[in-house]
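Coordinate inspection notes
These are the residues of each chain, in order.
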Amino acid sequence: MAFLEENCVLDILTDGILAECHPFVCGDDDMDEFFQKDALDYTRYRMGKSYCFRMKDDLQTIVACFTVSNDSIRIYDLPSSRRNAMWGITHREKMLTRYPGVLVGRLAVASQFSGKGVGSEVLDFIRMWFIDESNKTGCRFAIVDAKNEPDVLHFYEHNGFKPLFPREIDEDFYTKPPKDDEEREERMKNPRKLRTRLMFSDLLDE
């Protein structure tokens, strides 16, 4: 976390910070709109909490933003191979139906700081944040709902995340269960490309 630790301060993203800072632009219109307009509503309605890293010597410049919220992995809905693997890395004394995690709902780096490893540093920070002894809740996994694009998936894989479902069709059924066998068969024959892919990282690997 060299760049962030040496050059930045962490703040909760607030109306005041957005008002005093230069507009946050990462090059992705959806991300830009979220952090400029929607993030505060997410915080207000307790749907997620957004933070930003700002330059120590220029507090008007936001380097990166991210949003986190509570989440969990539903074990029994996973394919048997993944379910057994998840049980294998968690305690077997009591096989829970869900395992707690932190969802990294949004993560974006300002365009002028892209390509410098800042995104990876933000992920490292979040993971260390949630395994710290002062954390007030149990949290076993970091979870992302990554855009289903090769460069985005590669970024998260490079940072130690794995697809929760090896096959897209299994994830499709997980997120939107078929109403009946006929619908299941039809969707198996004509699988749709998912907009995002669920990925996870085991915090105990840190």
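Up top you'll find the structure we're talking about.
Residues numbered from 1 in each chain as written. Predicted model: local features only at pLDDT ≥ 70, side-chain atom pairs only at ≥ 80, totals over all residues. Heavy atoms only, no water.

The tendency in soluble globular proteins is for nonpolar side chains to be buried as a group. If you look at the biggest cluster of nonpolar residues, it comprises 43 residues, and the most contacted ones within it are F35, F66 and V122. Contributions of two or more residues to this core are made by α3 (29-44), β2 (49-55), β3 (58-74), β4 (98-109), α5 (118-131), β5 (141-147) and α6 (150-158). Excluding residues that lie within four positions of it along the chain, F35 makes contacts with L13, L18, F24, S50, C65, F66, T67, R106, L107 and A108. (Core = buried A, V, L, I, M, F, W, Y, C linked by side-chain atoms within 4.5 Å. Buried < 20%, exposed > 50% of the residue type's maximum accessible area, 1.4 Å probe, protein only. Helix = DSSP H or I, 4+ residues; strand = E, 2+ residues; numbered from the N terminus. Contact = heavy atoms within 4.5 Å.)

Attention shifts here to the packing of helix α7 (residues 168-175) against helix α8 (residues 181-189). Look at α7 against α8: their axes get within 10 Å of each other, and the N-to-C directions meet at 145°. Judged by the sense of rotation from one axis to the other, the crossing of α7 with α8 is right-handed. Together, I169, D172 and F173 of α7 and R184, R187 and M188 of α8 make up the contact between the two elements. Of the residues belonging to the contact of α7 with α8, the class tally is 3 nonpolar, no polar and 3 charged. (Axes fitted to C-alpha atoms, helices over the stretch in contact; angles between N-to-C directions. Left-handed = near helix turned anticlockwise from the far one by under 90°. Nonpolar A, V, L, I, M, F, W, Y, C, P; charged D, E, K, R; others polar.)

Attention shifts here to the side chain of S50. Examined against the element boundaries, S50 turns out to sit in strand β2. On the basis of relative accessible area, S50 is assigned to the buried category, the value being 0%.

A separate point is helix α4 (residues 80-89). Those residues of α4 that fall on the buried side of the exposure criterion are R82, R83, M86 and W87. Along the axis of α4, the buried positions cluster into a sector of 135°, meaning they face one direction only. On its buried side, α4 packs onto β3, β4, β5, β6 (162-163) and β7 (196-202). (Arc of directions from axis to C-beta.)

In this section: a nonpolar patch on the surface. Among the surface-exposed residues, Y42, Y45 and M47 lie close enough to one another that they form a single nonpolar patch of about 370 Å² accessible area. Take M47: it is sitting in the loop between α3 and β2. (Patch = residues over 30% accessible without salt bridge, like charges linked within 9 Å, V, L, I, M, F, W, Y side chains within 5 Å. Areas by Shrake-Rupley, 256 points an atom, 1.4 Å probe, with all protein chains shown as cover. Salt bridge = Lys/Arg side-chain N within 4 Å of Asp/Glu carboxyl O.)

Let us look at the pattern of salt bridges. In this structure the tally under the stated criterion is 12 salt bridges. The partner of D41 in a salt bridge is R44, and the shortest N-O contact between them spans 2.3 Å. Note that D41 and R44 are positioned in helix α3 at a spacing of 3 residues, about one turn of the helix. A residue is classified by how much of its surface remains accessible, and D41, at 34% relative accessible area, is partly exposed. In this structure R44 comes out as partly exposed when scored by relative accessible area, which is 46%. Through salt bridges with shared partners, a single ionic network connects D172, E183, R187 and R192.

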